[in-house]
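# Chains, contacts and geometry: an overview
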Amino acid sequence: MASPMRSLLADPDRYLQSFRLFLERSTEHQSMQEFVERQLPDMIASIGNGKSTINVLSVGGGAGEMDLQILSKIRARYPGATINNEVIEPSADQISKYKERVAQASNLENIKFTWHKETAYEYESRMNAEKKTKKWDFIHMIQMLYYVRDVPATLRYFHSLLESQAKLLIILVSGKSGWETLWKKYGSSFPLDDLCTYVSCADLPRMLDSAGLKYQLYELPSRMDITSCFVEGDKDGEMLLDFLTETLDFVKTAPPELKRQVMEDLRKPGCSESRDGKVFFNNNLGVIVIEP
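Report on the accompanying structure. On a predicted model such as this, the values are computed, not experimentally measured, just so you know. Residue numbers run consecutively from 1 along every chain, following the written order of its sequence. A pLDDT threshold of at least 70 governs which residues receive local features in this predicted model, and a stricter bar of 80 or more applies before side-chain atom pairs are shown or counted, although totals over entire chains, interfaces and linings include all residues. Hydrogens and water are ignored here; the side-chain numbers use all heavy atoms of the structure.

## Observations concerning the pairing of strand β12 (residues 285-290)
The buried label goes to any residue with under 20% of its type's maximum accessible area, the exposed label to any with over 50%, and the partly exposed label to all in between, with areas taken from a 1.4 Å probe on protein chains only. Starting at the N terminus, helices and strands are each numbered in turn, a helix being any DSSP run of H or I of at least four residues and a strand any DSSP run of E of at least two. Buried residues dominate β12, accounting for six of its six residues. What you see with β12 is no split at all: Leu285, Val287 and Val289 on one side and Gly286, Ile288 and Ile290 on the other are buried throughout. Bridging between strand β6 (residues 162-173) and β12 involves six bridges; their strand directions are antiparallel. Along β12, the bridge assignment pairs Val173 with Leu285. The pairing of strand β7 (residues 215-220) with β12 spans six bridges and is antiparallel. If you follow Leu220 over to β12, its bridge partner there is Leu285. Pairing between two strands requires that DSSP report at least two bridges joining them.

## A few points about the pattern of salt bridges
Whenever Lys or Arg places a side-chain nitrogen within 4 Å of a carboxyl oxygen from Asp or Glu, that contact is recorded as a salt bridge. Counting across every chain of the model gives 24 salt bridges. Between Asp93 and Lys97 there is a salt bridge whose closest N-O contact spans 3.6 Å. Taken as a pair, Asp93 and Lys97 lie in helix α5 (residues 92-104) at a separation of four residues, close to a single helical turn. Overall, the relative accessible area of 31% leaves Asp93 in the partly exposed class. Judged by its relative accessible area of 29%, Lys97 is partly exposed. When the shortest N-O distance is used, the salt bridge between Lys268 and Asp265 registers 3.2 Å. According to the relative accessible area criterion, Lys268 is partly exposed, its value standing at 40%. On the basis of relative accessible area, Asp265 is assigned to the buried category, the value being 10%. Among the charged side chains, a network of salt bridges with common partners joins Glu118, Arg126, Glu130 and Lys132.

These figures come from the coordinates and say nothing about function on their own.
Shown next, in the form of structure tokens:
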């Protein structure tokens, strides 16, 4: 009998809701912000040398929260330059939130925004069809490589668009995170569609080495409060479980034995730590910075 489990991506509204709850309950954005504050300035120290226009490409820019922080650092480093910021993002809802954020922000003079409602693959296909090769000074892909069909090909394509002083920044879950433990063990039991594959920072060095690319790797500590996942009938807990397993209504549709094992493992040190009566999932991130 076919499993009633369905991918969370089959319900885009539920996916976005669960994603927002994840951001609320985790230190995901705080740990990225800390990275942008402390380490990004050195990385972008030469991307715009001698340029009056700096071209930035955001692949999977979402609602723009991290994008605007990255742009503020680039602007601070190159105060006289115009920044041309193009965003590839397939969700109309996320683009409209991004536009709202831009409309409310100050300090964005000299930054020109263009949004493309498309996936990374659609962008590549369109550029190839138009026989265009636009080069970029900074490209970033934050938490988006899970949604491409061919990760090595995507890395090679966007790397080929880098200018000589440019950088390609990738953020994914760390190979030392609870995601890695959970997905290495249960990934084949979850209902992934071909739009979503599990990839972590542990998988990238092999791909980059075989493509002969130079890179640096960083680890960012992060955690998520998943205490509510263990409270029966807790709506937020159920939604976080959907997000953790990429499964629509995991609690209602997962086979009892799978559900029991997942819940058991989520409490173990490989995934989480218990402190002060709460359970914190290891949401560590990995950052890879690729040279031209």
